[in-house]
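The residues making up each chain are set out below.
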Amino acid sequence: MKTLKFAVLPGDGIGPEVMEVALDVLKSAGEEFSFTLDYENADIGGIAFDKHGTAFPDSTKQVCEASEAILFGSVGGPKWESLPPKEQPERAALLPIRKAFSLYANVRPGLLYPELTDASPLKKERIPNGIDIVCIRELTGGIYFGQPKSTSTLGNGEEQAIDTMVYKTSEIERISEVAINTAKARGNRVCSVDKANVLETSVLWRKVVTTYFAKHAPEIELSHMYVDNAAMQLARDPNQFDVLFTENMFGDILSDEMGVICGSLGMLASASLGAQKNSLGFPFGLYEPSGGTAPDIAGKGIANPCAQILSVAMMLRYSFGQLEAATAIETAVEKAVTSGNRTGDIAFGIDPISTKAMGEAVLSHL
Ligand code: IPM
Ligand code: MG
């Protein structure tokens, strides 16, 4: 019997309540697929700030270091919005944890089941078979982390702020490799998104991506698109994309757009992977829903747990090599939200759902 050792960081808002349901699903999968769980909880985000005075305490980092993977909930909320920007949970927890473990590759599937096309704001004719794309976003470079990054007061009393967008060849090459591997497991098509008509970093991005793909994966159909056009094309015909591949900030924006056209942020899982392998030889990774803390519905038991459950499935697949269990969980979620008398609206939380009931529905299909 294998034991899966991972860190559980529920965080703030709806994080803890959806995490509880996701862990129930994982336990049940363990019984079926013969693994046991050995996980340790640790504080992250606003709750960590309240308890330890910092959003990403050393003790939490140590729990993560002693694990094979991190299962993450979400961080932030109105309570901490008045803190200085640098101390706010999103910037003081999420960005440092990505950097600390060098999690440079963010994988966000954009999946809308055909039965639930009504949940998308796009017209049904545009997505008759639902949506099935994936966004590969560079996660530890670009304007999020580039130096200098500062705010200063000029001689005339005016304030000036600077962010720096910077990319190196090696950063672009290693994320290209992830895009290639993702495409090979899917439709063999990658669309690389940049702003090469304006930005130097994008000119380099396009050059390095083109060279890298030609050398290492000539069989993959590579195209390039400017980010403004990509935003438009995503709303016009999302399935023209297979793998959408881009730098940090463009990926942040496009992946949210992908979320909304897929009907609900409550369904979107993500994996953040790095170069580091865990002791099992699989990539060490952080797995989190893309939807945030949803403070307006936190504590009410009505948050959709599916994104957290699907993040568990991604963790099983990437960091533990438990492919069958991962697929079983994904299939169970699909059945739970598309079967019975659930409408697209209920499944996607547009009408309130019960977190527990949704968890039970998933368990019943596992
Ligand atoms: C995301 C989030 C984060 C980001 C924020 C909360 C720092 O929007 O994971 O997409 O911008 O990366
Ligand atoms: Mg975002």
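Residues numbered from 1 in each chain as written. Chains lettered and ligands numbered in written order. Predicted model: local features only at pLDDT ≥ 70, side-chain atom pairs only at ≥ 80, totals over all residues. Heavy atoms only, no water.

Draft legend 1. Representation of the overall build of the protein within the structure. Each helix and strand counted, the protein has twelve helices and twelve strands in total. For the protein, the C-alpha radius of gyration of 20 Å lies close to 21 Å, the compact-globule estimate for 366 residues. Taken along its principal axes, the extent of the C-alpha atoms in the protein is 60 × 50 × 40 Å. A total of 366 residues make up the protein; the buried ones form 52% of that total. Within the protein, contacts between residues separated by at least 24 positions form 75% of all contacts whose residues are at least 6 apart in sequence. For the protein, the accessible area works out to roughly 15,700 Å², and carbon and sulfur atoms hold 52% of it. Of note, the protein has its 32 positive side-chain charges centred 4 Å away from the centre of its 46 negative side-chain charges. (Helix = DSSP H or I, 4+ residues; strand = E, 2+ residues; numbered from the N terminus. Rg over C-alpha atoms; globule rule 2.2 N^0.38 Å. Buried < 20%, exposed > 50% of the residue type's maximum accessible area, 1.4 Å probe, protein only. Contact = heavy atoms within 4.5 Å. Areas by Shrake-Rupley, 256 points an atom, 1.4 Å probe, with all protein chains shown as cover. Lys, Arg positive; Asp, Glu negative; His and termini not counted. Charge placed at Lys NZ, Arg CZ, Asp CG, Glu CD.)

Draft legend 2. Broad picture of the domain arrangement of the protein. Examined at the domain level, the protein breaks down into domain 1 (1-120 + 263-366) and domain 2 (122-132 + 141-247 + 256-261). Summarising the inter-unit geometry, the C-alpha centres of domain 1 and domain 2 are found 24 Å apart. Counting residues at the interface gives 19 residues for domain 1, matched by 17 residues for domain 2. Buried surface at the junction of domain 1 and domain 2, summed over both partners, amounts to about 1,700 Å²; 59% is from carbon and sulfur atoms. Ranking the residues of domain 1 by area buried against domain 2 places Tyr104, Thr117 and Ser120 at the top, with a combined share of 30%. (Domains from an automatic or database assignment. Buried area = accessible area lost by both parts, 1.4 Å probe.)

Draft legend 3. Fine view of the pattern of salt bridges. Counting across every chain of the model gives 15 salt bridges. In this structure, lysine 356 and glutamate 20 form a salt bridge, with 3.9 Å as the shortest nitrogen-oxygen distance. Of this pair, lysine 356 sits in helix H12 (residues 355-364) while glutamate 20 sits in helix H1 (residues 15-33), and the two are 336 residues apart along the sequence. Two residues, aspartate 118 and lysine 124, come together in a salt bridge whose shortest N-O distance is 3.5 Å. One continuous salt-bridge network, built from bridges that share partners, spans Asp132, Arg186 and Asp242. (Salt bridge = Lys/Arg side-chain N within 4 Å of Asp/Glu carboxyl O.)

Draft legend 4. Broad picture of the site of ligand 1. Taken together, Glu90, Leu94, Arg98, Arg108, Arg137, Tyr144 and Asp252 are the residues near ligand 1. Between ligand 1 and arginine 98 there is a distance of 2.7 Å, counted from an oxygen atom to a side-chain nitrogen or oxygen. Between arginine 108 and ligand 1, the recorded distance is 2.8 Å, taken from a side-chain N or O atom to an oxygen atom. With the chains in place, 75% of the 320 Å² that ligand 1 exposes on its own is no longer accessible. By residue number, the principal contributor to the shell around ligand 1 is helix H4 (residues 89-100), which donates three residues. Among the residues making up the shell around ligand 1, the classes are represented as two nonpolar, no polar and five charged. (Near = heavy atom within 4 Å. Polar contact = N/O pair within 3.5 Å; in protein donor to acceptor, adjacent residues only side chain to side chain. Nonpolar A, V, L, I, M, F, W, Y, C, P; charged D, E, K, R; others polar.)

Draft legend 5. Quick look at the nonpolar core. Formed by 83 residues in total, the largest nonpolar core has its most connected members in Phe6, Phe245, Leu316, Ile329 and Val333. Ignoring any residue separated from it by four or fewer positions in sequence, one finds isoleucine 329 in contact with Val25, Ala29, Ile309, Val312, Ala313, Leu316 and Leu366. Ranked by size, the runner-up nonpolar core spans 19 residues in total, among them Ala55, Val63, Ala92 and Leu286. (Core = buried A, V, L, I, M, F, W, Y, C linked by side-chain atoms within 4.5 Å.)

Draft legend 6. Just H12, in detail. Along H12, the residues classified as buried are Thr355, Met358, Gly359, Ala361 and Val362. Around the axis of H12, the buried residues are gathered within 160 degrees of arc, so they sit on the same side. Residues of H12 that are exposed and point over 90 degrees away from its buried face: Glu360 and Ser364. (Arc of directions from axis to C-beta.)

Draft legend 7. Geometry of the sheet that holds strand E11 (residues 269-277). The ten strands are arranged E2-E1-E3-E12-E11-E4-E5-E10-E8-E9 in an open sheet whose pairing can be described as mixed. For this open sheet the edge positions go to strand E2 (35-41) and strand E9 (221-226), each flanked by a neighbour on one side alone. For this sheet, the mean inter-axis angle between neighbouring strands, taken without regard to orientation, is 25 degrees. Looking at chain direction, strand E4 (residues 105-112) and strand E5 (residues 131-138) are connected through eight bridges and run antiparallel. Counterpart to leucine 111 in the pairing with E5 is aspartate 132. (Pairing = 2+ DSSP bridges. Axes fitted to C-alpha atoms, helices over the stretch in contact; angles between N-to-C directions.)

Draft legend 8. Geometry of empty space enclosed by the protein. For the coordinates displayed, the defined rule picks out one cavity of 30 Å³ or more. Put simply, the largest cavity is a space of about 40 Å³. By residue number, the principal contributor to the lining of the largest cavity is helix H6 (residues 200-216), which donates three residues. (1 Å grid on protein atoms, 1.4 Å probe; cavity = no way out; pocket = protein on both sides within 12 Å on 5 of 7 lines; lining within 4 Å. Points joined across faces, edges and corners; volume = space filled by probe spheres on them.)

Draft legend 9. Looking closely at the packing of aromatic side chains. For the coordinates displayed, the defined rule picks out six aromatic pairs. Taking the centre distance of 5.6 Å and the plane angle of 70 degrees together, the rings of tyrosine 167 and tryptophan 205 count as edge-to-face. In this pair, tyrosine 167 sits in the loop between strand E7 (159-162) and helix H5 (169-184) while tryptophan 205 sits in helix H6, placing the two residues 38 residues apart along the sequence. Neither tyrosine 167 nor tryptophan 205 differs from the other in exposure class; each is buried. Between phenylalanine 213 and phenylalanine 245 the ring centres are 6.3 Å apart and the planes differ by 35 degrees, which places this aromatic pair in the tilted class. Pair noted here: phenylalanine 213 is in helix H6 and phenylalanine 245 is in strand E10 (residues 243-246), with a separation of 32 residues, a long-range link. What makes phenylalanine 245 buried here is its relative accessible area of 0%. (Phe/Tyr/Trp six-rings, centres within 6.5 Å; stacked < 30°, edge-to-face > 60°.)

Draft legend 10. Main features of the layout of surface pockets. Put simply, the largest pocket is a space of about 830 Å³. Together, 29 residues line the largest pocket, and Val107, Pro109, Met314, Arg317 and Tyr318 are the ones closest to its centre. Those elements that place two or more of their residues in the lining of the largest pocket are E4, E5, H5, E11, helix H9 (306-320) and helix H10 (323-338). In terms of residue class, the lining of the largest pocket is built from 19 nonpolar, three polar and seven charged.

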